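# Remarks on the overall topology
In case you want the letters, here they are:
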Amino acid sequence: MRKPLIAGNWKMNGTKDGITDLVTILVAGEVNNVDMLVIPPFVYLEQVGRELGESGIRLGAQNVDWRAQGALTGEIEASMLKEVGCELCLTGHSERRQLFAETDDQVACKFKACLEHDVTPILCVGETLQQRQAGQTMEVVLRQVRSVMEAVGPAGIGQGIVAYEPVWAIGTGESASPEQAEEVHGNIRQAIARDGPATAEKLRILYGGSVNSENAAELFRMEDIDGALVGGASLIGKEFLTICELAARGMEN
Ligand code: 13P
């Protein structure tokens, strides 16, 4: 049985005070039997780490550079993330791929750099609406997964986490249906199983894209959905906690 992970990607949102309020709510309402993760903007990482204190809620980063530290203005190395208490890091979020032109190769380098510095990478994959309508969903998603697998092998991918986030469902209020998500999650697991069956069985595959307290339960009922990567709804403490509770309850069924 894979323990669910609920991750809140705060993207470029927040103020010092607003974040203190949000973390206070999350710490007070921490949910058992589920891994909880918050992913603030870089500049708030230390603050959030401090405020999470002794709670079991984990800290993650939104991005990383793969190169060794040096003359790379504006970039952050995985060892730096580790030093400020980050245990996990997103790689290849669709906003990075689309707005900052990140390539599959760069994402694979980021994933590998995280592993080398003992930071757990979360590989984000997903198709655009145009690609889905053209029947290219699996081709796109599996290409994104394979590119990382070629760089780190099936065992390497097993040290990370995968998040399926269809681009058309991000921030639109229109989540993929549980069946649509399950189809992709199942295919990702199968593709990895061909090279690493044990890895595929243990790998957590999260769903992301307009997850909220209304649609989370039905998504979590699906066999291959092991949690969620939540954007907008993770900025509302009570809403995020409800999603965590639904995931924990899903484990009992
Ligand atoms: P929304 O939950 O706001 O759709 O964002 C999803 C996402 O991109 C999480 O990484």
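The structure presented is a predicted model; accordingly, all values stated were derived computationally and were not measured. (Residues numbered from 1 in each chain as written. Predicted model: local features only at pLDDT ≥ 70, side-chain atom pairs only at ≥ 80, totals over all residues. Heavy atoms only, no water.)

Looking only at helix 2 (residues 45–52), the buried set comprises Leu45, Gln47, Val48 and Leu52. Down the axis of helix 2, the smallest arc covering the buried residues is 165 degrees, so these residues share one side. Residues of helix 2 that are exposed and angled more than 90 degrees away from the buried face: Glu46 and Arg50. Those residues of helix 2 hidden inside the fold are in contact with helix 1 (16–28), strand 2 (35–39), strand 3 (58–61) and helix 3 (78–83). (Buried < 20%, exposed > 50% of the residue type's maximum accessible area, 1.4 Å probe, protein only. Helix = DSSP H or I, 4+ residues; strand = E, 2+ residues; numbered from the N terminus. Arc of directions from axis to C-beta. Contact = heavy atoms within 4.5 Å.)

Further remarks concern the site of the ligand. Every one of the 13 residues lining the ligand counts as a neighbour, but Lys11, His93, Gly171, Ser210 and Gly232 are closest to it. Lys11 has a polar side-chain atom sitting 2.8 Å from an oxygen atom of the ligand. With respect to the ligand, the backbone of Gly232 contributes an N or O atom lying 2.8 Å from an oxygen atom. Residue composition of the shell around the ligand, by class: four nonpolar, seven polar and two charged. (Near = heavy atom within 4 Å. Polar contact = N/O pair within 3.5 Å; in protein donor to acceptor, adjacent residues only side chain to side chain. Nonpolar A, V, L, I, M, F, W, Y, C, P; charged D, E, K, R; others polar.)

Of all residues in the protein, 99% attain a pLDDT of 70 or more, and the chain-wide mean is 97. Here helix 11 (residues 237–252) is the element of the protein with the lowest mean pLDDT, 93, and strand 2 is the one with the highest, 99. (pLDDT = per-residue confidence, 0-100.)

Another point: the packing of helix 1 against helix 2. Geometry of a packed helix pair, given as the angle between the helix axes and the separation of the axes. In contact at an axis separation of 10 Å, helix 1 and helix 2 are set at 30 degrees when each is read in the N-to-C sense. Our classification of the angle between helix 1 and helix 2 gives roughly parallel. For the pair helix 1 and helix 2, the crossing hand works out as right-handed. In this structure, helix 1 contributes Lys16, Ile19, Thr20, Val23 and Val27 to the contact, and helix 2 contributes Gln47, Val48, Glu51 and Leu52. Among the residues forming the contact of helix 1 with helix 2, the class breakdown is five nonpolar, two polar and two charged. (Axes fitted to C-alpha atoms, helices over the stretch in contact; angles between N-to-C directions. Parallel < 35°, antiparallel > 145°, perpendicular 65-115°, else oblique. Left-handed = near helix turned anticlockwise from the far one by under 90°.)

The residue Glu182 is located in helix 8 (residues 178–195) in this model. We note that Glu182 is buried and unpaired, the nearest opposite charge coming from Arg189 at a distance of 7.0 Å. (Lys, Arg positive; Asp, Glu negative; His and termini not counted. Salt bridge = Lys/Arg side-chain N within 4 Å of Asp/Glu carboxyl O.)

Strand order in the closed barrel made by the eight strands is 1-2-3-4-5-6-7-8, with parallel pairing throughout. Between one strand axis and the next, the sheet turns by 25 degrees as a mean value, whatever way the strands run. Pairing of strand 4 (residues 88–91) with strand 5 (residues 120–125), which is carried by four bridges, proceeds in the parallel orientation. When the sheet's bridge partners are listed, Leu88 is paired in strand 5 with Thr120. Where helix 2 meets the sheet, it contacts strand 2 and strand 3, and its direction lies at approximately 170 degrees from that of strand 3. Contacting strand 5 and strand 6 (161–164), helix 7 (residues 137–158) runs over the sheet at an angle of about 160 degrees to strand 5. (Pairing = 2+ DSSP bridges.)

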